[in-house]
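So the chains spell out like this:
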Amino acid sequence: MEPATAFVLDNDQAQRDDIRIRLSNCGVVPICFNDEWICLENIHYFRPAFAVLRPDSRETAIRFVNIAKAIRSTFPIIILSNQSEIESFVRNNWLVDLIFLRYPADEKDFQGVLALLAESKTNGGRPVLIAGSQESQRRIERLPLFGGSTEPVLIQGEPGVGKRLMAKAIHSCATDANRVPVFINDGDISGGWIHKTHQRIHSPSGAGGKILFTVIENIENLSIAQQAQLLLIMETPSANGKRNDARETVRLIALAETDLERSSREGRFRKDLYHRLSVLKMTLPPLRDRRDDVPVLADFFASQYSIRHSGAIFRLPEEVRTVLSNYDWPGNVSELKGSIKRALAGDAAHWAENLSTWCKNQIVTRSRQIGGSTMNLNDDVRRFLENNRDLPLKKAKQRYAMRVESRIMKAALFTTHGNCKKAAKLLNISYKSMLNKAKEYQLV
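Only a predicted model underlies this, so the values are computations on that prediction, with no experimental measurement involved.

Caption draft 1: How the structure looks around the pattern of salt bridges. As enumerated under the stated definition, the model contains 21 salt bridges in all. Lys 69 serves as the salt-bridge partner of Asp 97, at 2.9 Å between the closest nitrogen and oxygen. Note that Asp 97 is positioned in the loop between helix 4 (84-91) and strand 5 (98-102) and Lys 69 in helix 3 (residues 58-71), a separation of 28 residues in sequence. Here Asp 97 and Lys 69 have matching classes, each one buried. The closest approach of N and O atoms between Lys 437 and Glu 405, which form a salt bridge, is 3.4 Å. Of this pair, Lys 437 sits in helix 20 (residues 431-440) while Glu 405 is found in helix 18 (residues 393-415), placing the two residues 32 residues apart along the sequence. When salt bridges with common partners are traced through the structure, they connect Asp 18, Arg 22 and Glu 107 into a single cluster.

Caption draft 2: The arrangement of empty space enclosed by the protein in detail. Summed over the entire model, instances satisfying the criterion amount to 2 cavities of 30 Å³ or more. Surrounding the largest cavity, 17 residues form its lining, Phe 89, Asn 93, Leu 129, Ala 131 and Ile 140 being those nearest its centre. Of all the elements in the fold, those that place two or more residues in the lining of the largest cavity are helix 3 and helix 6 (134-141). Of the residues in the lining of the largest cavity, the class split is 10 nonpolar, 4 polar and 3 charged.

Caption draft 3: View of the environment of Phe 301. Summarising the element assignment, Phe 301 is placed in helix 13 (residues 293-310). It is 9.7 Å that separates the C-alpha atoms of Phe 301 and Asn 66, two residues lying 235 residues apart in sequence. Setting aside its immediate chain neighbours within four residues, Phe 301 contacts Val 333, Leu 336, Lys 337 and Ile 340.

Caption draft 4: Focus on the packing of aromatic side chains. As enumerated under the stated definition, the model contains 4 aromatic pairs in all. Ring geometry for Phe 300 versus Phe 301: centroids 5.8 Å apart, planes at 70°, classification edge-to-face. Residue classification places Phe 300 among the buried residues on the basis of a relative accessible area of 6%. When its relative accessible area of 7% is taken as the criterion, Phe 301 is described as buried. Plain terms: the ring middles of Tyr 327 and Trp 329 are 4.6 Å apart, the flat faces sit at 75° to each other, and that makes the pair edge-to-face.

Calculation notes
Residues numbered from 1 in each chain as written. Predicted model: local features only at pLDDT ≥ 70, side-chain atom pairs only at ≥ 80, totals over all residues. Heavy atoms only, no water. Salt bridge = Lys/Arg side-chain N within 4 Å of Asp/Glu carboxyl O. Helix = DSSP H or I, 4+ residues; strand = E, 2+ residues; numbered from the N terminus. Buried < 20%, exposed > 50% of the residue type's maximum accessible area, 1.4 Å probe, protein only. 1 Å grid on protein atoms, 1.4 Å probe; cavity = no way out; pocket = protein on both sides within 12 Å on 5 of 7 lines; lining within 4 Å. Points joined across faces, edges and corners; volume = space filled by probe spheres on them. Nonpolar A, V, L, I, M, F, W, Y, C, P; charged D, E, K, R; others polar. Contact = heavy atoms within 4.5 Å. Phe/Tyr/Trp six-rings, centres within 6.5 Å; stacked < 30°, edge-to-face > 60°.

Have a look at this one:
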């Protein structure tokens, strides 16, 4: 059997040589790099058995892992570090083919990690989840807890935030993850479906106590009568976390685009069903509220689709990443993903510039619409009120006015490339007022 080949990435020559010697003594053929993107490109072309990374920061570790997973989702990575925040990122990560080793380390430590790598299962069918913000990373860290439970899960969030992907991720952490989850839309829940599901729960099926994962999309659209029928199914023992060796257990994951708690208070959704569904609850914020996720998501999609369209990895220029982060992405992750995919498919040679220009045009257009009071603010106001429903009306009005003002000033600064004097002239206010407000909103 030929020895395994490993790619090593480390900016420090002495450390790189030490890692090379340690791996060679363990029977591994190491190929070393000091440039991140050259290393990633060669991972794509030469397909080594695994990679060894010694990152200088948590951000470097996250970026490398994300791009490597865009190349091959099951690619194993060993991360060497003595930084606690990097160790936390690796050890709390839900990917089983991501391993941490505290460095410096000797041959014995390397041998132990390589043995662990050989014994560990690959990521298999687990979807790759990308997170740049601390909040999103903490959310991903909770997935094994959600997947290991038999209780229902409620996932809430605007269209395009990734609710379906999160449902698949929860399912992949479950003991019966080899069974494909069933996705059903609210419009497909009929009396026939209720009856069939009820029979599966109550009749011996030979399933041996296995779990059938059912994901109900847009559950907020169910009628009150359908909600009552669904509640009856959930209250049966084999749909309530209690297994029967001869019967099938049905576990529900509900996806909602609205706040079900508020709907239950307003009488549009049954309170008892809401409390039953929300034993485990996850709310996915819109992309505009987690801007740290935008550049890492963009890097992932750019790498993934550039490999498909041109067979090479396209690196996003920093200017493009900044422009993407400044755009609000009303369609959330779905819009970001689709925009990068269309840009690559349309003009692979100039896709990054075209994508940057498109986002700039969107921001300028929205700035003009806000200034001309032609923008339909109904959805924006609704979301604002949902997030600030505990505030008195006067304070809510003040906070919303400040929010709109900061957006207008941000758009003006973006249009004038950060020039406060030109932005003040564009908004027809004094330079002093513009500068003071820009500082107040932390725009400069």
